[in-house]
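Topology and contacts: notes
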Amino acid sequence: MNFHQKTPIESIYFKYFKIFLPFTNWCDTVSQRFSHCIVFIFCAVSLFITEGCSRQYYRIKADNEVYSLLATGGTHDPHWKLDDYRINTDCRSRMFDPFHPDFEPMPPDDPSAHRKMHGVDGKNGSKHWHDKGMTPNTENPSWQQYLLFNEKGAVPLDKDGAVELALLHSPEYQAAMENLYLAAMRVSRERFRFDVQFYGGDSLFYTANGRLRDNGNTNLRNDIDLSAGRTGTKILFATGGELVVGLANSITWSFNGTNTWYADSLFNVGFVQPILRNAGRKIVLENLTQAERDFLAAIRQMVFFQQGYYTKIVTGVGQQSAPAGNINAANIPTANSGFYGLLAEQIRIQNQRQNIIALEDNLQRFVEVFDAGQLTDISQVEETRQRLLNSESSLLQRIVTYQGSTDTYLRSLGLPPDLKVDISDPLMEQFQLTSPTLTNLQEDLGSLLVHVRTKEKPLPDDFGENLEKIIKRTEGETQNLYNDLEVLQKSVPDRIESLHSLASNLTERLQQGERID
């Protein structure tokens, strides 16, 4: 064999070949020794390529890079600080994926479209679509286990609970978080252009010629290329300079005749500094500067979005836009009325029901008076009947509107519209002119009086039992009225004293010549 000064890479080759040499001494032919070399080189190259190149490696590295950028905030102003930012969804969310993010099973698919994955245009598709399993769910199957249900089987929903559920389940909020993540990734990509980057490549060629061609030469060649710096049209330095440091090594074994080998190594350094075209910090740093400014704007926009998201969920206003990006949440509905709008609609429905109860009672009285001959003009009866029908139609329309608004509101929170919820809040009780329980009592009493006023039909068998229930409920409502009256009487002196204090204060300010609006 022909020997010469070995390069460092060649020394590595021979170091490992010496380890495998005892296992190949038993081979008597060149082809057997060559097969062992092939296996060793293939395993070494495969291990080198797969090390640090997995999906999990890059996913974790990207997360750490983004969290690092957000930790510094792109700004040192505490007004734009994002606390506990995480792109991963909570385990209580409908969007939570319980599977490993790098080995997710296949979700449900359209049967007709799925057949295209296994065969298209007469060609067989991949056989590995189902290697990671199948899942029948497109959402977190256990998300409802984290909800609290009342005795009616509904989820009690107040304003704070609505906001909490929106932060967990809303695709709109999650899309805003993901767009901020993408804005940070754009900054990371632009910064990466100015970092020292390493490139490497390995190629293995085996050439076997028969005895009738080129004297039957058989060669094995391995080429390794390593470089550090920047290549192509991108720039390493802020001024536009480009630096490339490369090392290439080639080793060729010839299994012909005396089984010779030879190696070539090349070390190159190149530096290019543009003078006119694409030169200068103004041009070179433009993309990085714009990415940094966009990232800062995205952080500020996210802070504004978080501050306005509460009012948007509660009142339906405060439409602060989320950070713009590739994640589109335009198909997510927005309830214009918000949580308070639904409560106000509940009060309107209750007042409408109270109005209908009063109209039904008036209509029954007019009918009885007309039947008794004490009223000769039937137009009053028909006008009352018409008002009753209009009120009932308006009530049905309000109920349908309320149900549609509730479904839209639940979808804006990221919840399914078929989820049964009990929307209530103590804040709106002060606007309820009539107690809901009293309204229900009046409705039940009106239904009971229909049997009494209908002389042609006998009373139902459970009439007495229902009457006793109504009497007990009436006693309870009366006791509540006395309790409210007692509370009012106790608070009247304090209110009168406050009014006198306010009046004396205004009088004193007027005497001092102050103008009061």
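Structure shown above.
First things first, this report covers the structure right here in the doc. (Residues numbered from 1 in each chain as written. Predicted model: local features only at pLDDT ≥ 70, side-chain atom pairs only at ≥ 80, totals over all residues. Heavy atoms only, no water.)

Thoughts on the overall build of the protein chain
Under the convention used in this document: Helix and strand definitions follow DSSP, with helices as H or I runs of at least four residues and strands as E runs of at least two, each counted in order from the N terminus. The buried label applies to any residue whose accessible area, calculated with a 1.4 Å probe on protein chains only, is under 20% of its type's maximum; exposed applies above 50%, and partly exposed to all values in between. Contacts are residue-level and defined by heavy atoms, with any inter-residue pair within 4.5 Å sufficient.
Secondary structure summary: the protein chain contains 12 helices and 8 strands in total. For the protein chain, the residues scored as buried account for 29% of the 517 residues in total. Contacts in the protein chain between residues at least 24 apart in sequence constitute 68% of all its contacts with a sequence separation of at least 6.

Digging into the packing of helix α6 (residues 171-192) against helix α8 (residues 286-315)
For any two helices packed against each other, the geometry is given by the interaxial angle and the distance between the axes. As a reminder of what qualifies: Between N-to-C directions, angles span 0 to 180 degrees; the directions come from axes that are lines fitted to C-alpha atoms, helices contributing only their stretch in contact. Note that the term roughly parallel is reserved for angles under 35 degrees, roughly antiparallel for angles over 145, roughly perpendicular for angles of 65 to 115, and oblique for everything else. Take the far helix as the reference: if the near one is turned anticlockwise from it by less than a right angle, the crossing is left-handed, and if turned clockwise, right-handed. Each residue gets one label: Ala, Val, Leu, Ile, Met, Phe, Trp, Tyr, Cys and Pro are nonpolar, Asp, Glu, Lys and Arg are charged, and the others, such as Gly, are polar.
Packing of α6 against α8 brings their axes to within 9 Å, and their N-to-C directions diverge by 165°. Classified by the angle their axes make, α6 and α8 are roughly antiparallel. Crossing of α6 over α8 shows left-handed handedness. On α8, the residues that touch Glu 172, Tyr 173, Ala 176, Met 177, Leu 180, Ala 183, Ala 184, Arg 186, Val 187, Glu 190 and Arg 191 of α6 are Asn 287, Leu 288, Ala 291, Glu 292, Phe 295, Ala 298, Ile 299, Met 302, Phe 305, Gln 306, Tyr 309 and Lys 312. Residues of the contact of α6 with α8, tallied by class, amount to 15 nonpolar, 2 polar and 6 charged.

A closer look at the side chain of Thr 384
Its place among the elements puts Thr 384 in helix α10 (residues 379-412). Note on Thr 384: relative accessible area 2%, which makes it buried. Sequence-distant contacts of Thr 384, defined by excluding residues within four places in its chain, comprise Leu 359, Asn 362, Leu 363 and Phe 366.

Some details on unusual backbone geometry
The backbone of Asp 121 shows a phi angle near 55°, a positive value even though the residue is not glycine. Mapped onto the secondary structure, Asp 121 falls in the loop between β1 (119-120) and β2 (123-124).

Considerations on α6
Under the convention used in this document: Multiplying 1.5 Å by the residue count of a helix minus one yields the expected span of that helix. Two N or O atoms form a polar contact when they lie within 3.5 Å of each other; inside protein one atom must be a possible hydrogen donor and the other a possible acceptor, and for residues adjacent in sequence the pair counts only when both atoms belong to side chains.
In this model, α6 (22 residues) spans 31 Å end to end at C-alpha, consistent with the 32 Å of a helix rising 1.5 Å per residue. The residue sitting at the N-terminus of α6 and contributing the capping side-chain oxygen is Ser 170; that oxygen lies 3.3 Å from the backbone nitrogen of Glu 172.

Things to note about the packing of aromatic side chains
For the record, the criterion: To pair, rings of Phe, Tyr and Trp, with the six-membered ring standing in for Trp, must have centres within 6.5 Å; the planes then decide the type, stacked if under 30 degrees apart, edge-to-face if over 60, and tilted in the middle. Both a distance and an angle decide whether a charge sits over a ring: NZ of Lys or CZ of Arg must be within 6 Å of the ring centre and within 35 degrees of the ring normal.
In total, this model carries 6 aromatic pairs according to the counting rule given. With a centroid separation of 5.1 Å and an interplanar angle of 75°, the aromatic rings of Tyr 57 and Tyr 58 are classed as edge-to-face. Looking at Tyr 57, the relative accessible area reads 38%, which means it is partly exposed. Tyr 58 gets classed as partly exposed once you look at its relative accessible area, which sits at 48%. Note on Tyr 173 and Tyr 309: the rings are 5.4 Å apart at their centroids and 45° apart in plane angle, and the pair reads as tilted. In this pair, Tyr 173 sits in helix α6 while Tyr 309 sits in helix α8, placing the two residues 136 residues apart along the sequence. Across the pair, Tyr 309 and Tyr 173 agree in class, each one buried. A network of ring pairs unites the aromatic residues Tyr 173, Phe 305 and Tyr 309 as a single cluster. Geometry around Tyr 67 places Arg 86 over its ring, the cationic atom sitting 4.6 Å from the centre. The residue whose ring lies beneath Arg 94 is Trp 143, and the NZ or CZ to ring-centre distance is 5.4 Å.

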